[in-house]
Amino acid sequence: MNNTMSKLTLQTEGDTHVVVTRRFAATPEAVYRAHTDPELLKKWLLGPEGWTMPVCVNEARPGGAIRYEWTNGKGGGFHLTGKYLELEPNRRIVHVERMHLPDPTPDNHVETRFDPDGAGTLMTMRMTLPDAQTRAAMLATGMEQGMEASYVRLEGLL
C-alpha cells in the first residue's frame, strides 16, 4: 500500500471550517460501519497509543445520542457528547459534537461523506465551528496526529 492511501489531509476553509480528507482501501459500507458500530469504534477511535474507550454510546439514527469516554489508564481522560442529525447509510453522516476537557467546547457540526474511490473510499469530514477562535483552539490540540493514529488503527481493522 502506498502512502497516498494512508495520509490524512486537513485544510481550513473560511473562518470556521475544517475539512479532513482521507482514503481507505475498503468499501464505503465498511468505512461507514466502522463509524457507527460501537464495538468497532472502541477498537480504533482511540487517538495516541495507550488510550482506551471504556464507554461508547452510538445510536446511529437521527436524534440518536453519541457519548465517547476515553482514558489513558493513568487518571487522565476526557469525553465527547453529541447527537446525530442525519444519516444516509454507507454515504453520509451529519452530527453535532462537543468535547468535555473538562469544560464543554462549543458545538462542532460535522458532515462526513463516504464516497467510492476506485477500489476504496474517500472520506471527507467537514467541521463547522461557531467562530475562528474556537477553530484555532481545536486545531491547537494536535487533533490531526490523534486522528491519523486512529485512522491507521482503523485501516488495520478494515
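What comes next is a walk through the structure. Treat the numbers as computed from the prediction; the structure is a model and nothing was measured.

Let's shift gears to the overall build of the protein chain. Secondary structure summary: the protein chain contains four helices and eight strands in total. For the protein chain, the sequential pattern of α-helices and β-strands runs β-β-α-α-β-β-β-β-β-β-α-α. Relative to its length of 158 residues, the protein chain is compact, with a C-alpha radius of gyration of 15 Å against a globular reference of 15 Å. Residue burial in the protein chain is summarised as follows: out of 158 residues, 41% are buried. Carbon and sulfur atoms make up 54% of the accessible area of the protein chain, which amounts to about 8,200 Å² in all.

Below, the discussion takes up the side chain of arginine 135. Examined against the element boundaries, arginine 135 turns out to sit in helix H3 (residues 132-139). Buried charge without a partner: arginine 135 forms no salt bridge, and the closest opposite charge is aspartate 15, 5.0 Å away. In this view, arginine 135 contacts Thr12, Glu13, Gly14, Asp15, Thr16, His17, Val18 and Leu129; residues no more than four positions away in its chain are not counted.

Enumeration according to the criterion identifies six aromatic pairs in this entry. With a centroid separation of 5.6 Å and 80 degrees between ring planes, the pair formed by phenylalanine 24 and tyrosine 151 is classed as edge-to-face. With a gap of 127 residues between them, phenylalanine 24 in strand S2 (residues 17-24) and tyrosine 151 in helix H4 (residues 143-157) connect regions that are remote in the sequence. Its relative accessible area of 3% is what places tyrosine 151 among the buried residues. Among the aromatic residues, those joined into a ring-pair cluster are Trp51, Tyr68, Trp70 and Phe78.

This part is about the nonpolar core. Counting 32 residues, the largest nonpolar core has Val18, Val20, Tyr68, Met125, Met127, Met147 and Tyr151 as the members making the most contacts within it. Here this core takes four residues from H4, the largest share from any one element.

For the rest of this paragraph, the subject is the sheet that holds strand S7 (residues 108-117). Spatially, S1-S2-S8-S7-S6-S5-S4-S3 is the arrangement adopted by the eight strands of the open sheet, whose pairing is antiparallel. Here the strands that pair on one side only, and so sit at the sheet edges, are strand S1 (9-13) and strand S3 (52-58). Neighbouring strand axes in the sheet, compared pairwise and without regard to direction, differ in orientation by 20 degrees on average. Sheet analysis places S3 next to strand S4 (residues 65-71), joined by five bridges and oriented antiparallel. Bridging from a neighbouring strand, threonine 52 pairs with threonine 71 of S4. The strands that H4 touches are S1, S2 and strand S8 (120-128); relative to S2, the one it contacts most, it runs at about 25 degrees.

What counts, and where the lines are drawn
- Residues numbered from 1 in each chain as written.
- Predicted model: local features only at pLDDT ≥ 70, side-chain atom pairs only at ≥ 80, totals over all residues.
- Heavy atoms only, no water.
- Helix = DSSP H or I, 4+ residues; strand = E, 2+ residues; numbered from the N terminus.
- Rg over C-alpha atoms; globule rule 2.2 N^0.38 Å.
- Buried < 20%, exposed > 50% of the residue type's maximum accessible area, 1.4 Å probe, protein only.
- Areas by Shrake-Rupley, 256 points an atom, 1.4 Å probe, with all protein chains shown as cover.
- Lys, Arg positive; Asp, Glu negative; His and termini not counted.
- Salt bridge = Lys/Arg side-chain N within 4 Å of Asp/Glu carboxyl O.
- Contact = heavy atoms within 4.5 Å.
- Phe/Tyr/Trp six-rings, centres within 6.5 Å; stacked < 30°, edge-to-face > 60°.
- Core = buried A, V, L, I, M, F, W, Y, C linked by side-chain atoms within 4.5 Å.
- Pairing = 2+ DSSP bridges.
- Axes fitted to C-alpha atoms, helices over the stretch in contact; angles between N-to-C directions.

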